[in-house]
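Single-letter residue listing:
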Amino acid sequence: MIISISKHLYTFIYNEKKGERGEERETFIPRNGISIGANLREAFRSVGLMSRDDSSVLVQIDTPTVQVPEEEFNEADAPTLFYRCFDERKGHEVMHSELSDLRCVLLFEVSKDMLQVLGERFRQVTVEPFMLHVWQNQYRQSEQGLWKKLYVFFHDQNMELFAFDPGRFRFCNQFDAKYATDCTYFILNAWQQMGFNPERDELHLLGSHKQLAEIEAALAKHIRKIKTHS
C-alpha cells in the first residue's frame, strides 16, 4: 500500500497483486487541531482499503527537505544540518532518503506519533519525501532534448521550482502558491537568476493550480516555450 500525506489530504493507494484489479484509490480529509497520528487512526477506521491484508506500506509525505551531496552526508550530522534550515519541533525526528540519480541525500522531518501509528498497523514501514519521485522522474525527462528546462510543480497550495545539471540539482526551492501574481514573480525571478534563454529554453508546469491559466498567460509574455503537464 502507498499512503500519500499532505497537509490537506491523505491518499490511500492499493495495487492488487498479479494485476487482478489494478490500482484502487481512496482519500481522507484530515481534521485541523489534532495530530497527524490521530488523523491516521481516524483514516484507518474509515478508509475501506485499510481492510486489505497488507503488511507493508510506503508513506510519501509532503514535507520540506534539505538536499545534501552524497559525498558529504554523515547520518550522525543529519539533525544538525536539517535544523540549521528549519526550526526544531518537539516530537519529531529527522530521517533521510537517497536520491541516487542526483547524487544527493534528502533530509526530512517526520512525526514520531505518525511513525508509532504506522508501526502498529504495518510490519514494514518506509517513509520518504513526496517530491523524491517527482524529482527522479523529471530528471530522467530532462535529459531528453538540447535545451535547458525549469520545472514548476504545483501541489497543496505550494509550488516547487527546480532545474538540473548533469547528475545534480542546479536549482531547488519551494514557494507559497496562493496568489497567481506571486507565482509568476517567483518563476520569472528563478528563470532570470539562472540565465535561461526566453526564446529557446523550456518552462514545464506540472500539477494543478486553480489559477493555472492566468499564471501561464502572464508567463507567456516573457517565455516562449511553456509546456503544461496534467
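Just above sits the structure.
Draft legend 1. Representation of a negative patch on the surface. On the surface, Glu70, Glu71, Glu72 and Glu98 cluster together into a patch of negative charge. Checked against the element boundaries, Glu71 lands in the loop between strand S5 (65-69) and helix H2 (78-83). The exposure class of Glu71 is exposed, given its relative accessible area of 62%.

Draft legend 2. Region of interest: the nonpolar core. Ranked by internal contacts, the top residues of the largest apolar core, which has 24 residues, are Leu150, Phe154, Met159, Ile187 and Leu203. Breaking this core down by element, the ones donating at least two residues are strand S9 (149-155), strand S10 (158-165), strand S11 (168-176), helix H5 (180-193), strand S12 (202-207) and helix H6 (212-219). Tallying contributions element by element places H5 first for this core, with six residues.

Draft legend 3. Representation of the layout of surface pockets within the structure. Of the voids in this model, the largest pocket is the one considered here, and its volume is about 990 Å³. Lys7, Asp62, Thr63, Pro64 and Arg89 are the residues nearest the centre of the largest pocket, which is lined by 37 residues in total. Of all elements in the fold, only helix H1 (36-46), S5, strand S7 (104-111), helix H4 (131-142), S10 and S11 reach the threshold of two or more residues within the lining of the largest pocket. Looking at the lining of the largest pocket, its residues break down into 15 nonpolar, 14 polar and eight charged. Considering only enclosed or pocket space, the second largest pocket measures out at about 490 Å³ in volume. For the second largest pocket, the lining is made up of 19 residues, of which Phe154, His155, Asp156, Gln157 and Ser208 are closest to its centre. Of all the elements in the fold, those that place two or more residues in the lining of the second largest pocket are strand S1 (2-5) and S9. If you tally residues by element for the lining of the second largest pocket, the top one is S9, at three residues. The class makeup of the residues in the lining of the second largest pocket is six nonpolar, nine polar and four charged.

Draft legend 4. Spotlight on the packing of aromatic side chains. Summed over all chains, the structure comprises 15 aromatic pairs. Centroid distance Phe44 to Phe122: 6.2 Å. Interplanar angle 80 degrees. Geometry classified as edge-to-face. With Phe44 in helix H1 and Phe122 in the loop between helix H3 (112-121) and strand S8 (124-129), the pair connects residues that are 78 residues apart, well separated along the chain. The same class applies to Phe44 and to Phe122, which are both buried. Summarising the aromatic geometry, the rings of Phe175 and Phe186 are spaced 4.5 Å apart at their centres and angled 20 degrees between planes, so their arrangement reads as stacked. Here Phe175, found in strand S11, pairs with Phe186, found in helix H5; they are eleven residues apart in sequence, far enough to count as distant. A connected cluster of aromatic rings, assembled from ring pairs, spans Trp135, Tyr139, Tyr151, Phe162, Phe164 and Phe169. Seen from the ring of Tyr14, Arg52 lies directly overhead, with NZ or CZ sitting 5.0 Å from the centre. Positioned over the ring face of Phe122 is Arg121, at 4.9 Å from the centre of the ring.

Draft legend 5. Main features of the sheet that holds strand S4 (residues 56-61). Within the open sheet, the five strands sit side by side as S3-S2-S1-S4-S8. Their pairing is mixed. Only two strands of the sheet have a single neighbouring strand rather than two, namely strand S3 (23-28) and S8. Direction aside, the axes of adjacent strands within the sheet are offset by 20 degrees on average. Judged from the six bridges that link them, strand S2 (residues 10-15) and S3 form a sheet pairing that is antiparallel. Along S3, the bridge assignment pairs Tyr10 with Phe28. Running at roughly 45 degrees to S2, H1 makes contact with S1, S2, S3 and S4 of the sheet.

Draft legend 6. The sheet that holds S7, seen in detail. Reading across the sheet, the three strands line up as S5-S7-S6 and stay open at both edges, with antiparallel pairing between neighbours. Two strands lie at the open edges of the sheet, namely S5 and strand S6 (92-99), each paired on one side alone. Strand-to-strand twist in this sheet, taken as the mean axis angle between neighbours without regard to direction, amounts to 30 degrees. Looking at chain direction, S6 and S7 are connected through eight bridges and run antiparallel. The partner of Val94 across the bridge, within S7, is Glu109. Contacts from H3 reach S6 and S7, with the element oriented near 85 degrees to S7.

Each value, and the rule that gives it
- Residues numbered from 1 in each chain as written.
- Predicted model: local features only at pLDDT ≥ 70, side-chain atom pairs only at ≥ 80, totals over all residues.
- Heavy atoms only, no water.
- Patch = residues over 30% accessible without salt bridge, like charges linked within 9 Å, V, L, I, M, F, W, Y side chains within 5 Å.
- Areas by Shrake-Rupley, 256 points an atom, 1.4 Å probe, with all protein chains shown as cover.
- Salt bridge = Lys/Arg side-chain N within 4 Å of Asp/Glu carboxyl O.
- Lys, Arg positive; Asp, Glu negative; His and termini not counted.
- Charge placed at Lys NZ, Arg CZ, Asp CG, Glu CD.
- Helix = DSSP H or I, 4+ residues; strand = E, 2+ residues; numbered from the N terminus.
- Buried < 20%, exposed > 50% of the residue type's maximum accessible area, 1.4 Å probe, protein only.
- Core = buried A, V, L, I, M, F, W, Y, C linked by side-chain atoms within 4.5 Å.
- 1 Å grid on protein atoms, 1.4 Å probe; cavity = no way out; pocket = protein on both sides within 12 Å on 5 of 7 lines; lining within 4 Å.
- Points joined across faces, edges and corners; volume = space filled by probe spheres on them.
- Nonpolar A, V, L, I, M, F, W, Y, C, P; charged D, E, K, R; others polar.
- Phe/Tyr/Trp six-rings, centres within 6.5 Å; stacked < 30°, edge-to-face > 60°.
- Lys NZ or Arg CZ within 6 Å of the ring centre and 35° of its normal.
- Pairing = 2+ DSSP bridges.
- Axes fitted to C-alpha atoms, helices over the stretch in contact; angles between N-to-C directions.
- Contact = heavy atoms within 4.5 Å.

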